[in-house]
Amino acid sequence: MAGGNEHVELKFRIYDGTDISHGNYASSTTVTALKQKLVSEWPQGKSVVPKTMNDIKVIHSGKVLENNKTLLESGVRDGAFAGGVITMHVVIQPALNKHKSAKKQDETGKLNTCGCTIL
């Protein structure tokens, strides 16, 4: 098997069931490159839109794919499924804003105080 010369046919399913970026990809393509393509081709008018590639996770066979690995290293192989097209799921998980998490901690601290007086 010549790792970099093989191609796999992929499509990516987003949260509302829409398929995007259907095409043939070299098995040497990195997950980072896929994520960049997905962000650039994200459908307009969706209620949730990733801002950067770090906002999305690509899932194949129940596993979140690592950015630095290629499709081949991630176990994505053509012909693994009937029909030849492999559907990967894309989950949007934006990075938390530090300001919001600090505010939440302040609110939690206020909720954990007791104002009771025992006589």
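Our subject is the structure listed above.
It should be emphasised that the depicted structure is a prediction, and the values quoted were computed from it without experimental measurement.

Quick look at the overall build of the chain now. Broken down by element type, the chain carries 2 helices and 5 strands. Secondary structure elements in the chain, listed N-terminal to C-terminal, are β-β-α-β-β-β-α. For the chain, buried positions account for 28% of its 119 residues. In the form shown here, the chain has an accessible surface area of approximately 8,100 Å², with 52% of it arising from carbon and sulfur atoms.

Attention now moves to the sheet that holds strand β4 (residues 63-64). Spatial strand order, β2-β1-β5-β3-β4: 5 strands in an open sheet with mixed pairing. Looking along the sheet, the strands with just one partner apiece sit at the ends: β2 (19-26) and β4. Direction of pairing for strand β1 (residues 7-13) relative to strand β5 (residues 85-92): parallel, over a ladder of 5 bridges. Bridge pairing in β5 places E9 opposite V85. The sheet strands contacting helix α1 (residues 31-40) are β1, β2, β3 (56-60) and β5, and the helix crosses β3 at an angle near 120°.

Once that is clear, we can look at the pairing of β3. Within a regular strand, side chains alternate between the sheet's two faces. Along β3, the buried face is formed by I56, V58 and H60; none of K57 and I59, which line the opposite face, is buried. As paired elements, β3 and β4 share 2 bridges and run antiparallel to each other. Along β4, the bridge assignment pairs I59 with V64. Linking two consecutive strands that pair antiparallel, namely β3 and β4, is a turn of 2 residues; a positive phi of about 55° is found at S61 within it.

Moving on to the nonpolar core. One finds L10, F12, L38, L71, V76, M88 and V90 to be the most contacted residues of the largest nonpolar core, which totals 19 residues. Broken down by secondary-structure element, the contributors of at least two residues to this core are β1, β2, α1, β3 and β5. At 4 residues, β5 tops the list of elements feeding residues into this core.

This part is about α1. Here α1 has its buried residues at V31, L34, K35 and L38. Projected down its long axis, α1 carries its buried residues within an arc of 100°, all on one side. Where the residues of α1 are buried, they touch β1, β2, β3 and β5.

Turning to the packing of aromatic side chains, a few remarks are in order. One pass over the structure, following the stated rule, counts 1 aromatic pair. Where F12 meets Y25, the ring centres are 6.0 Å apart and the plane angle is 85°; that geometry is what we call edge-to-face. Here F12 is found in strand β1, whereas its partner Y25 is found in strand β2, with 13 residues between them in sequence. What makes Y25 buried here is its relative accessible area of 9%.

Before going further, it helps to spend a moment on the pattern of salt bridges. Following the criterion strictly, the structure yields 5 salt bridges and no others. Here D19 makes a salt bridge to K11, at a shortest N to O gap of 3.5 Å. Close ionic contact of K37 with E41 constitutes a salt bridge, the shortest N to O distance being 3.0 Å. What makes K37 partly exposed here is its relative accessible area of 31%. Residues joined by salt bridges that share partners form a network here, namely K11, R13 and D19.

Parameters and conventions
Residues numbered from 1 in each chain as written. Predicted model: local features only at pLDDT ≥ 70, side-chain atom pairs only at ≥ 80, totals over all residues. Heavy atoms only, no water. Helix = DSSP H or I, 4+ residues; strand = E, 2+ residues; numbered from the N terminus. Buried < 20%, exposed > 50% of the residue type's maximum accessible area, 1.4 Å probe, protein only. Areas by Shrake-Rupley, 256 points an atom, 1.4 Å probe, with all protein chains shown as cover. Pairing = 2+ DSSP bridges. Contact = heavy atoms within 4.5 Å. Axes fitted to C-alpha atoms, helices over the stretch in contact; angles between N-to-C directions. Core = buried A, V, L, I, M, F, W, Y, C linked by side-chain atoms within 4.5 Å. Arc of directions from axis to C-beta. Phe/Tyr/Trp six-rings, centres within 6.5 Å; stacked < 30°, edge-to-face > 60°. Salt bridge = Lys/Arg side-chain N within 4 Å of Asp/Glu carboxyl O.

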